[in-house]
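Overview (structure and organization)
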Amino acid sequence: MLVFVLSFYSLIAILSFSSSITLLPSYSQQQENQQQEEYILIREWGSKGFSPGQFSQPADVAIDSKDNVFVTDITARSNAVQKFDQNGTFISSWGPTGYGQGSFVRASDIATDAQDNVYVVDANNPNQAVQKFTNNGTFITAWGSYGFGEGQFINPIGISVDSKGNVYVSDLGANNHVVKFDNNGNLITEWGTTGNGNGQFLSPHEIDNDLVDNVYVVDYGNDRIQKFQNNGEFIKTWGTSGNRAGEFHEPEGIATDSKGNIYVADTNNHRIQKFDNNGNFITMWGSEGTGDYQFIEPTSVTVDSQDNIYVVDMGTQKIKVFALSSSSSSSSSSSE
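What counts, and at which threshold
- Along each chain, numbering runs from 1 in the same order as the chain's sequence is written.
- Local features in this predicted model are restricted to residues whose pLDDT is 70 or higher, and side-chain atom pairs enter the listing and the counts only when it is 80 or higher, whereas totals over whole chains, interfaces and linings include all residues.
- To obtain the side-chain values, all non-hydrogen atoms of the structure were used and water was disregarded.
- Using only the protein atoms, space was sampled on a 1 Å grid; points where a 1.4 Å probe fits but cannot get out form cavities, open sets with protein on both sides within 12 Å along at least five of seven lines form pockets, and lining residues are those with an atom within 4 Å of a point.
- Grid points are joined across faces, edges and corners, and a volume is the space filled by probe spheres set on the points.
- Helix numbering and strand numbering both begin at the N terminus, where a helix is a DSSP run of H or I of at least 4 residues and a strand a DSSP run of E of at least 2.
- Gly is placed with the polar residues, together with every amino acid not listed as nonpolar (Ala, Val, Leu, Ile, Met, Phe, Trp, Tyr, Cys and Pro) or charged (Asp, Glu, Lys and Arg).
- Each residue gets one of three labels from its accessible area relative to the maximum for its type: buried under 20%, exposed over 50%, partly exposed in between, using a 1.4 Å probe on protein chains only.
- For two strands to count as paired, DSSP must find a minimum of two bridges between them.
- Pairing of aromatic side chains requires ring centres within 6.5 Å, counting the rings of Phe and Tyr and the six-membered ring of Trp. Pairs whose planes differ by under 30 degrees are stacked, by over 60 edge-to-face, and all others tilted.
- The angle between two axes is taken between their N-to-C directions and runs from 0 to 180 degrees, where each axis is a line fitted to C-alpha atoms and a helix contributes only its stretch in contact.

Points about the layout of surface pockets
Quantified by volume, the largest pocket comes out at close to 870 Å³. Residue lining of the largest pocket: 38 residues in total, with Ile63, Thr112, Val161, Asp208 and Val303 positioned closest to the centre. Elements with a minimum of two residues in the lining of the largest pocket: β2 (58–63), β6 (107–112), β10 (156–161), β16 (204–209), β20 (253–256) and β24 (298–303). When the residues that make up the lining of the largest pocket are grouped by side-chain class, the tally is 14 nonpolar, ten polar and 14 charged.

Right, dumping it as C-alpha cells:
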C-alpha cells in the first residue's frame, strides 16, 4: 500500500513537471523564427525588349569601383553587355552576336577587376570563352578553348576576379571544374570533378571572392555553396535541397559584401538568402511573383560600395536594388 501511494504521488509530480515543459523548435525553425534583418527596395529598372536599357534574357550583373553597373543579356541581338550608372541610367553597350573579337554567342557572366577592366564569359564560343575589355567596352584580349584538357571548357558559365587580378571560371559541362588564370589568360591551377563530395560539383555556376580571396562556388546541381582557398583547397560547404532557411533549389548567383557576408540568388525558390562567411543563415527575402519584393528566377546578385544589393530578375527582365533598412542597421549596430 505504501508503494502504491508513493507511485501515485510520483506520477502526479512527473505529470505536473511535464506540463510546464515547452518543446524547443528544431534548429532550422529557430533560424526561421528569429528576428531577421529587413531589406527594402530602393530602385529598379528594365523591361522586355532589345532597345538600350531593355533586356531579353538578362543573366548576370557586376559593379566597378565607381558603382557603374554592367549587365549581360544572353539572347540580346546587339547589346550583350549594357552599362548603367548606379541609378539605372543607360550609359553604353557593346557585344553584337558572333564569334569575332568583342562579339558573343551567349554572354553569360561578367566581372570587373581593381582597374575596372571588364571580363565576360561566353558560354557558347569555343575559341574565346573569356573576353577582357576596358571599362568602356574596348576589346583587350581573349582566351579559352573547347575541350577536356587543362584550362579548357565544355560550357563555361561563371567568372570572378580576385584582389590580385586572377580570374576564376566555372565550367558546368562534363568537366565540372573551376579554372584559375592570371589576368592575361595564363593557366594557374584548376580543381573539381563530377560528384557530390567535398570539392566536387554538379554544374557549378557563379563564383565570387571575399576580402581575403577565398573562393565561393554555387554548386547548382547539389543545391549548396562550397568555399575554397584561392589555390582550390576545400574549406567548407553548406546548404541542401529544400525551401526553408539555408536550403536551396537550383541556386545560380553569389556575391560577397564589405563585411564578408554572402548573398545567394536562390533561383528556383525565387528569393535571396544572406549568410555570414561560415555559412550561418542571417536573413532572406523574396517569393515568386512580379511585386516589388518578389522575383521570377533571380539569376545573379552583386553588391556596390554601400553594400546595396543588386539582383538580376530574369523572369521580369529587371534589375532590382535593395538596401538594409535603417531599423535593421540600428539593431545590427547595437547588437555588435
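Next comes the rest of the write-up.
Some details on the pairing of strand β17 (residues 215–219)
For β17, the tally of buried residues reaches five of five residues, placing the bulk of the element in the interior. Burial along β17 is two-sided: Val215, Val217 and Asp219 and Tyr216 and Val218, pointing in opposite directions, are all buried. Both β16 and β17 contribute to a ladder of four bridges, which runs antiparallel. Residue proline 204 lies in a different strand from β17, and its bridge partner there is aspartate 219. If you look at the hairpin formed by β16 and β17, you'll find five residues sitting between the two strands, and aspartate 213 has a positive phi there, around 70°. Two elements, β17 and strand β18 (residues 224–228), share five bridges in a ladder whose sense is antiparallel. Its bridge partner being in β18, valine 215 is matched across the sheet by phenylalanine 228.

What to know about the pairing of strand β8 (residues 130–133)
Of the two faces of β8, the one lined by Val130 and Lys132 and the one lined by Gln131 and Phe133 are each fully buried. Judged from the four bridges that link them, strand β7 (residues 118–122) and β8 form a sheet pairing that is antiparallel. Counted as the bridge partner of valine 121 is valine 130 from β8. Pairing geometry for β8 and strand β9 (residues 139–143), over four bridges, is antiparallel. Pairing of valine 130 across the sheet is with tryptophan 143, part of β9. In sequence, β8 turns back onto β9 through a hairpin of five residues, with glycine 137 there showing a positive phi of about 100°.

Things to note about the packing of aromatic side chains
As enumerated under the stated definition, the model contains 21 aromatic pairs in all. A centroid spacing of 6.0 Å and a plane angle of 75° characterise the contact between phenylalanine 84 and phenylalanine 90, whose relative ring orientation is edge-to-face. Residue phenylalanine 84 is classed as buried on the basis of its relative accessible area, which comes to 0%. Ring centres of phenylalanine 295 and phenylalanine 322 lie 5.8 Å apart, and the angle between their planes is 65°; this geometry places the pair in the edge-to-face category. With phenylalanine 295 in the loop between β23 (281–285) and β24 and phenylalanine 322 in strand β26 (residues 318–324), this pair connects stretches of sequence that are 27 residues apart. In this structure phenylalanine 295 comes out as buried when scored by relative accessible area, which is 0%. In this structure an aromatic cluster arises from ring pairing among Tyr39, Tyr263, Trp285, Tyr293, Phe295 and Phe322.

Here we look at the sheet that holds β23
Across the sheet, which stays open at both edges, the four strands sit in the order β20-β21-β22-β23 with antiparallel pairing between neighbours. Either end of the sheet is taken by a strand with one partner, and the two such strands are β20 and β23. Sheet twist, expressed as the average angle between the axes of neighbouring strands with direction ignored, equals 20°. Two elements, β20 and strand β21 (residues 262–266), share four bridges in a ladder whose sense is antiparallel. When the bridges of β21 are listed, isoleucine 254 appears paired with valine 264.

Geometric values such as these leave the question of function open.
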